[in-house]
Amino acid sequence: MKLEVYQIIVPLASLGFVFNLFRRFLKSKASWQEAALGAAFWMSVGIFALFPDAISKAIANFFGIKSNINAIIFFCLGLIFFFQYKLFFMLKKNQMATTELARKITLQQAEKEDLQS
Amino acid sequence: MMRPEQIWIVIPAYNEGPVIEQVVAKVIGSGFPNVLVIDDGSKDDTASQARLAGARVLSHPINRGAGAAAQTGLSYARRQGWKCVVQIDADGQHHPEDIHRLVEVQAQTEADIVLGSRFLDPSPGIPPTRVLYNRISNVLTNTFCQRSYSDTQTGFRLLSARAIRNLRLRLDGFGYCSEMIVQAEEKGLTIAEAPIQVTYTDYSLNKGQDLVMGITTAVDLLWKLLFYPSKMK
């Protein structure tokens with residue numbers, strides 16, 4: 001099997017990301033769910049880079065899409081939507097936490113003022 | 001019927017320095033001495049102007065939105081054990097003397113929430129764009145309600161002690177207007193409507209929601225209703 005340059009770089013980078021996730025999990029900086037999901041993602045990127053034709057054709061056949069290029073486009077769009085959803089969810093969670101914090105500070109300050117007056 | 005001194009007028013405000021003193025003074029002049037301004041992280045002198053006019057002021061350290069400010073007012077009201085809160089807008093579009101109307105309707109209907117509706121007895125001069133935005137918002141909100149309301153986006157509302165105890169608003173932005181109604185119905189609170197008058201000035205028109213904000217509010221509300229219905233309760 002003749003390897004292109006990207007077929008060496010991408011799997012190596014993916015391995016680096018998996019290693020980094022594992023390290024973050026061991027340091028309790030990432031939950032096991034985050035580590036597992038991240039590792040699965042980067043491993044699939046690495047494997048896809050190694051066997052692009054075989055995998056894209058298999059995806060095209062599975063979904064009944066005519067060309068493997070279309071299958072890649074659909075797959076990437078799906079991934080983008082997934083990450084968009086995840087980011088939006090995280091953003092909303094952070095916004096709610098910020099509001100709660102702002103409210104707590106405000107009410108504590110009000111309580112102090114009420115006690116003083 | 002509630003006496004004026006038993007009622008607290010809550011005014012969420014963000015950068016309302018030019019008008020807040022006048023708004024607070026008008027409320028006090030209408031016979032309601034208890035005014036609470038929630039300064040939502042204003043960059044101008046909103047807080048000091050409101051204090052100068054005689055209001056109690058709570059200040060958010062940063063700007064969090066109209067819904068967040070309204071909920072801070074409710075949380076404080078709950079802690080203080082207030083029996084009745086009337087919320088009005090800070091931009092001067094509402095007529096404080098209409099508070100009496102809301103109080104009367106509450107006394108007649110014993111409703112937990114009284115919405116001050118701009119469209120039951122429409123004031124002249126409501127801009128057509130405002131009417132359109134509000135109609136769209138009404139359709140969207142009423143879709144998720146058991147009853148139909150004529151002004152779901154009004155910032156003029158009376159809340160009874162039961163409503164103050166039970167409501168937990170989670171939307172930071174203007175979507176809280178719809179959220180409050182949907183949540184109130186979920187919790188078995190009763191809602192009535194009373195006609196109010198409004199006066200739109202160039203100032204208040206610049207302060208309200210525009211089309212982009214309206215769309216963001218609708219997306220926010222739909223997101224919560226469709227994906228996190230439990231968070232609306």
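Residues numbered from 1 in each chain as written. Chains lettered and ligands numbered in written order. Predicted model: local features only at pLDDT ≥ 70, side-chain atom pairs only at ≥ 80, totals over all residues. Heavy atoms only, no water.

Before we go on, may I ask you to explain the overall build of chain A in this structure?
When its secondary structure is counted, chain A shows 4 helices and 0 strands. Ordering the α and β elements of chain A from the N terminus gives α-α-α-α. If one aligns the C-alpha atoms of chain A with their principal axes, the spans along those axes are about 80 × 35 × 20 Å. Expressed as a percentage of the 117 residues in chain A, the buried residues total 21%. (Helix = DSSP H or I, 4+ residues; strand = E, 2+ residues; numbered from the N terminus. Buried < 20%, exposed > 50% of the residue type's maximum accessible area, 1.4 Å probe, protein only.)

Please clarify how the layout of surface pockets should be interpreted in this entry.
Gaps left between atoms are located by rolling a probe of water-molecule size over the structure's atoms. All names here are of chain A. In this structure, the second largest pocket encloses a volume near 400 Å³. Considering the residues around the second largest pocket, the lining is formed by 14 residues, among which Glu34, Leu37, Gly38, Phe83 and Lys86 are closest to the centre. Here the lining of the second largest pocket is built from residues that sort into 10 nonpolar, 1 polar and 3 charged. (1 Å grid on protein atoms, 1.4 Å probe; cavity = no way out; pocket = protein on both sides within 12 Å on 5 of 7 lines; lining within 4 Å. Points joined across faces, edges and corners; volume = space filled by probe spheres on them. Nonpolar A, V, L, I, M, F, W, Y, C, P; charged D, E, K, R; others polar.)

Would you take a moment to explain the environment of Ile11(B) for this structure?
Residue and element names in this part refer to chain B. Mapped onto the fold, isoleucine 11 is located in strand E1 (residues 7–13). On the accessibility criterion, isoleucine 11 (0% relative accessible area) is buried. Counting along the chain gives 26 residues from isoleucine 11 to valine 37, while the straight-line C-alpha distance between them is 4.7 Å. When neighbours within four sequence positions are excluded, isoleucine 11 is seen to be in contact with Ile20, Val23, Val24, Val27, Val35, Leu36, Val37, Ile38, Ile88, Asp89 and Ala90. (Contact = heavy atoms within 4.5 Å.)

Teacher, can you tell me more about the pattern of salt bridges here?
Two side chains bearing opposite charge may form a pair once their charged atoms approach each other closely. By the definition in use, this model includes 8 salt bridges over all chains. The salt bridge involving Glu111(A) is made with Arg79(B); its shortest N-O contact spans 2.9 Å. Here Glu111(A) is found in helix H4 (residues 68–116), whereas its partner Arg79(B) is found in helix H3 (residues 66–80) on a different chain. Residue classification places Glu111(A) among the partly exposed positions, given a relative accessible area of 44%. Among the residues examined, Arg79(B) registers a relative accessible area of 49% and is labelled partly exposed. (Salt bridge = Lys/Arg side-chain N within 4 Å of Asp/Glu carboxyl O.)

Quick question: what am I supposed to make of the side chain of Glu179(B) here?
Residues and elements named next belong to chain B. Assignment of secondary structure puts glutamate 179 in helix H7 (residues 176–186). Buried glutamate 179, no salt bridge; nearest opposite-charge side chain is arginine 170, N-O distance 5.5 Å. Among the polar contacts made by the side chain of glutamate 179, one reaches the main-chain amide nitrogen of arginine 170 at a distance of 2.8 Å. (Lys, Arg positive; Asp, Glu negative; His and termini not counted. Polar contact = N/O pair within 3.5 Å; in protein donor to acceptor, adjacent residues only side chain to side chain.)

What should I look at first to understand the packing of helix H3 (residues 52–63) of chain A against H4(A) in this one?
Helix packing for two helices is described by the angle between their axes and how far apart those axes are. Residues and elements named next belong to chain A. Two elements in contact, H3 and H4, have axes separated by 8 Å at closest approach and are oriented at 80°. Between H3 and H4, the crossing angle belongs to the class labelled roughly perpendicular. Residue-level inspection shows Asp53, Ser56, Lys57, Ile59 and Ala60 of H3 in contact with H4, the latter providing Asn68, Ala71 and Ile72. Of the residues that constitute the contact of H3 with H4, the class distribution is 4 nonpolar, 2 polar and 2 charged. (Axes fitted to C-alpha atoms, helices over the stretch in contact; angles between N-to-C directions. Parallel < 35°, antiparallel > 145°, perpendicular 65-115°, else oblique.)

What is the right way to look at the packing of aromatic side chains in this model?
How two aromatic rings sit relative to each other is given by the distance of their centres and the angle of their planes. Residue and element names in this part refer to chain A. Tallied over the full model, the rule gives 7 aromatic pairs over all chains. Pairing phenylalanine 82 with phenylalanine 83 gives two aromatic rings, centres 5.3 Å apart and planes at 65°, and the pair type is edge-to-face. Among the residues examined, phenylalanine 83 registers a relative accessible area of 35% and is labelled partly exposed. Aromatic ring contacts, followed pair by pair, group Phe17, Phe41, Trp42, Phe82 and Phe83 into a single cluster. (Phe/Tyr/Trp six-rings, centres within 6.5 Å; stacked < 30°, edge-to-face > 60°.)

I keep staring at a positive patch on the surface and nothing clicks. Help me out?
On the surface, a cluster of positive charge is made up of Arg23(A), Arg24(A), Lys27(A) and Lys29(A). Along the chain, Lys29(A) falls in the loop between helix H1 (6–26) and helix H2 (32–50). (Patch = residues over 30% accessible without salt bridge, like charges linked within 9 Å, V, L, I, M, F, W, Y side chains within 5 Å. Areas by Shrake-Rupley, 256 points an atom, 1.4 Å probe, with all protein chains shown as cover. Charge placed at Lys NZ, Arg CZ, Asp CG, Glu CD.)

Could you clarify how one ought to interpret the interface of chain A and chain B in this entry?
As a measure of interface size, the accessible area lost when the parts come together is often cited. Chain A puts 17 residues into the contact, and the matching count from chain B is 21 residues. Both faces considered, chain A and chain B share a buried interface measuring about 1700 Å² in area, 59% of it formed by carbon and sulfur atoms. Among the residues of chain A in contact with chain B, Arg103(A), Thr106(A) and Leu107(A) are the three that bury the most area, contributing 31% of the side total. For the pair chain A and chain B, the number of links is 3 salt bridges. The shortest N-O distance in the salt bridge between Asp114(A) and Arg56(B) comes to 2.9 Å. Applying the counting criterion to the chain A and chain B interface returns 12 residue pairs in polar contact (both at pLDDT 80 or more). In the side of chain A that touches chain B, the residues fall into 8 nonpolar, 4 polar and 5 charged. (Buried area = accessible area lost by both parts, 1.4 Å probe.)

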